[in-house]
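Reading the structure
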Amino acid sequence: MQVQYDISSTKEQALRIFEICGHKIDPELASDIWPKILQHKWVLSEKIARDVGIKVACIDFIENVLSTDCHLHDIQKNKMLNRMGAQILDESVWETISESQPPKQIVNKRIVLPLTQERLAKKHGVALPRTIIFFGPPGTGKTHFARAIAARLQWWFIEVSSSDLTSEGADRIGSKLKDLFEVARNLDEVVIFIDEFEEIAESRDNASRTEKSITNEFLKQVPMFRREKRKNLLICATNYIRQLDTAIVRPGRFDCIIPVGDLDPKSRALIFRHYLSNTNHGDVDMDSIIPKLFLFTPADLEYLFCKISHFAFEKEYSESREFKITTDTIIKMIEKCQPTLTRQNISELEEDNAHYTRY
Ligand SMILES: Nc1ncnc2c1ncn2[C@@H]1O[C@H](COP(=O)(O)OP(=O)(O)OP(=O)(O)O)[C@@H](O)[C@H]1O
Ligand SMILES: [Mg+2]
C-alpha cells in the first residue's frame, strides 16, 4: 500500500517513516529533525532534477547525513540529557572541598581514582564503582559531594529529587522509577543523584502496600543498573540511613556507603574563607573565629554569611558611610546563629558510622 506523506507532516507521521526505515527514535527528536528531512528532500530533488519521495529522502538523510555528521544515538542521548536537566559542572567545585574534609579522601580513593586510572584499576582487578550512598545530618554536604564528583570527572550531573518522583501521586512512583532507570542505565559518563532517597527505599517492615511496591521496584532496578557495564554512577543521599530497607544496605547493591558529617577545622576555615571572600571585609582574625564554629555545617556557614552580608548592607545604607565586616561583627553574628549539629546527632552519626559504613 502506498503511504501518503504531506509536507506539513505531524510528529506521528515522522515517527512512522522512521519506523518503516527501521529506526526507533525518540518522539521529540523525530519532530526536531523532521524540518531537516524536508529540506534534505528538496536538496536531493534539486540535485537529481526529479521529485524525490519522502521515504527516500528520509532513508538518505539517516544513512548519509545522520551517520556521518553525528550519530543518531548521540543526538538521542543529548536530547534525553537535556530533558533530565543534566549539567556539566565547573571542575572548581571539587576544589571547594579541602583535602582534609571527610570523606574527600575516601571519595577520591574509592570513586574518583578507579574511574580516572581505569587501566591501573583493571590491572589490579579493582571493579569500577557504580552505586554509592551518602548519609548524614542535613546540610553537611552530601549533595555537594555528589556534585563535586561529577565536576571532578567532568561527567553530566542529573539530580532527581524525591518530589520529582512523587509529583503524580504515590501510585505512579514505581513506574516513574522504572522509567528513570531505563534511561539511566543506557547513559555513559553521567552521575545520577537521588536525594532524600529514604522516600523510595524505606524499610518494608510496617510499610503500606504502595510503599512496599516502591521499595521493591528500587530493589529490582539497582541490580539491572549495575549489570549494564557502563561508566556511570548512581549516588543516593539520605539523612535517615536507619530508615532504609535492610536489603538496600546489604553488600552487593551499593559499592560504598559513606558518612558525611562533622567538618574538621581546616575544612571549616576553607569554607569560611570562601564565603568571606564575597563580602566587603576588613581584617578578620580567623584563629579566634574558627573554634567558635564548632558544630556548624557547611549549610550553617552559608546561612551565617547570608546574615552577615545583609547586616553590612543595611548598616552602610542607613549610615551612608562605608561599612567593613570585622572579627567583632562576625563573632556577634555567630552568637545569634544556632548550629544544626548537636552532640547527640554527632554521637548518633558515630553509631551509624560503625553500623553502616562500607567502602
Ligand atoms: N566544602 C563544602 N562541603 C560541603 N558543602 C559545602 C562546601 N562548601 C560549600 N558548601 C555548601 O553547603 C551547603 C549545604 O550542602 P548540601 O546541600 O550539599 O548539604 P546536604 O547534606 O545535601 O543537605 P540535605 O541533607 O539537607 O540535603 C550547600 O549550599 C553547599 O554548596
Ligand atoms: Mg542534599
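Please refer to the structure higher up on the page.
What comes next is a walk through the structure. (Residues numbered from 1 in each chain as written. Chains lettered and ligands numbered in written order. Predicted model: local features only at pLDDT ≥ 70, side-chain atom pairs only at ≥ 80, totals over all residues. Heavy atoms only, no water.)

Thoughts on the side chain of Asp300
By the element assignment, Asp300 lies in helix α15 (residues 298–319). Put simply, Asp300 is tucked away with no salt bridge, and the nearest opposite charge, on Arg268, sits 8.4 Å away. Sequence-distant contacts of Asp300, defined by excluding residues within four places in its chain, comprise Leu295, Gln338, Pro339, Thr340 and Leu341. (Helix = DSSP H or I, 4+ residues; strand = E, 2+ residues; numbered from the N terminus. Buried < 20%, exposed > 50% of the residue type's maximum accessible area, 1.4 Å probe, protein only. Lys, Arg positive; Asp, Glu negative; His and termini not counted. Salt bridge = Lys/Arg side-chain N within 4 Å of Asp/Glu carboxyl O. Contact = heavy atoms within 4.5 Å.)

Notes on the pattern of salt bridges
Under the defined criterion, the tally for this structure stands at 15 salt bridges. Among the ionic pairs, Arg242 bridges to Asp352, the shortest N-O distance being 2.7 Å. A residue pair is termed long-range when its members are at least 10 positions apart, and Arg242 in the loop between β5 (232–238) and α12 (246–249) and Asp352 in helix α17 (residues 343–356) qualify at 110 residues. Exposure remark for Asp352: the relative accessible area of 11% places this residue in the buried category. A salt bridge links Glu319 to Lys315; the shortest N-O distance between them is 3.0 Å.

Here's the deal with the nonpolar core
Judged by nonpolar contacts, the single largest core of 35 residues is most densely connected at Phe197, Phe218 and Ile248. Every residue in contact with Phe218, bar those within four places of it in the chain, is listed here: Leu177, Phe181, Ile194, Phe197, Ile200, Ala201, Cys236, Ile248 and Phe254. Of all hydrophobic cores here, the second largest spans 27 residues; its members include Leu115, Phe145, Ala150 and Ala237. (Core = buried A, V, L, I, M, F, W, Y, C linked by side-chain atoms within 4.5 Å.)

Points about the coordination of the magnesium ion (ligand 2)
Note on the magnesium ion (ligand 2): its protein donors are Thr143 (OG1) and Asp195 (OD). The metal-donor distances range over 2.1 to 2.7 Å. Note that Thr143 is positioned in helix α8 (residues 142–153) and Asp195 in the loop between β4 (190–194) and α11 (209–227), a separation of 52 residues in sequence. Taking relative accessible area as the criterion, Thr143 reaches 24% and is therefore assigned partly exposed. (Donors = N, O, S within 2.8 Å, 3.2 Å for Na, K, Ca; no water.)

Overview of α11
Between its terminal C-alpha atoms α11 stretches 28 Å, which fits the 27 Å expected from 19 residues at 1.5 Å a residue. Within α11 the residues assigned to the buried category are Ile214, Thr215, Glu217, Phe218, Leu219, Gln221, Val222 and Phe225. (Expected span 1.5 Å × (residues − 1).)

Some remarks on the state of the cysteines
On inspection of all chains with the given rule, the structure shows zero disulfides. As a non-bridged cysteine, Cys337 has Cys306 as the owner of its nearest cysteine sulfur, 9.6 Å distant. (Disulfide = S-S within 2.5 Å.)

Notes on the site of ligand 1
Surrounding ligand 1, one finds 17 residues, the nearest of these being Lys142, Thr143, His144, Asn239 and Glu302. A distance of 2.9 Å separates an oxygen atom of ligand 1 from a polar backbone atom of Gly139. Out of a free accessible area of 630 Å², ligand 1 has 79% covered by protein chains. Breaking the shell around ligand 1 down by element, the ones donating at least two residues are α8, α13 (265–276) and α15. Across the shell around ligand 1, the residue classes tally to six nonpolar, eight polar and three charged. (Near = heavy atom within 4 Å. Polar contact = N/O pair within 3.5 Å; in protein donor to acceptor, adjacent residues only side chain to side chain. Areas by Shrake-Rupley, 256 points an atom, 1.4 Å probe, with all protein chains shown as cover. Nonpolar A, V, L, I, M, F, W, Y, C, P; charged D, E, K, R; others polar.)

Quick notes on the packing of aromatic side chains
Overall, the coordinates contain 10 aromatic pairs when judged by the stated rule. A centroid spacing of 5.4 Å and a plane angle of 55 degrees characterise the contact between Phe197 and Phe218, whose relative ring orientation is tilted. With Phe197 in the loop between β4 and α11 and Phe218 in helix α11, the pair connects residues that are 21 residues apart, well separated along the chain. Each member of the pair, Phe197 as well as Phe218, carries the same accessibility label: buried. Judged by centre distance (5.0 Å) and plane angle (70 degrees), the ring pair of Phe272 and Phe305 falls under edge-to-face. Of the two residues, Phe272 is situated in helix α13 and Phe305 in helix α15; the sequence distance between them amounts to 33 residues. With respect to class, Phe272 is no different from Phe305; both count as buried. Here a set of aromatic residues connected by ring pairs shows up, and it is made of Phe181, Phe197, Phe218, Phe225 and Phe254. Positioned above the aromatic ring of Phe225, the side-chain terminus of Arg130 is 4.7 Å from the ring centre. (Phe/Tyr/Trp six-rings, centres within 6.5 Å; stacked < 30°, edge-to-face > 60°. Lys NZ or Arg CZ within 6 Å of the ring centre and 35° of its normal.)

Comments concerning the environment of Gly53
Positionally, Gly53 belongs in the loop between α2 (27–48) and α3 (54–69). In this structure, the C-alpha to C-alpha distance between Gly53 and Thr342, residues 289 residues apart in sequence, is 72 Å.

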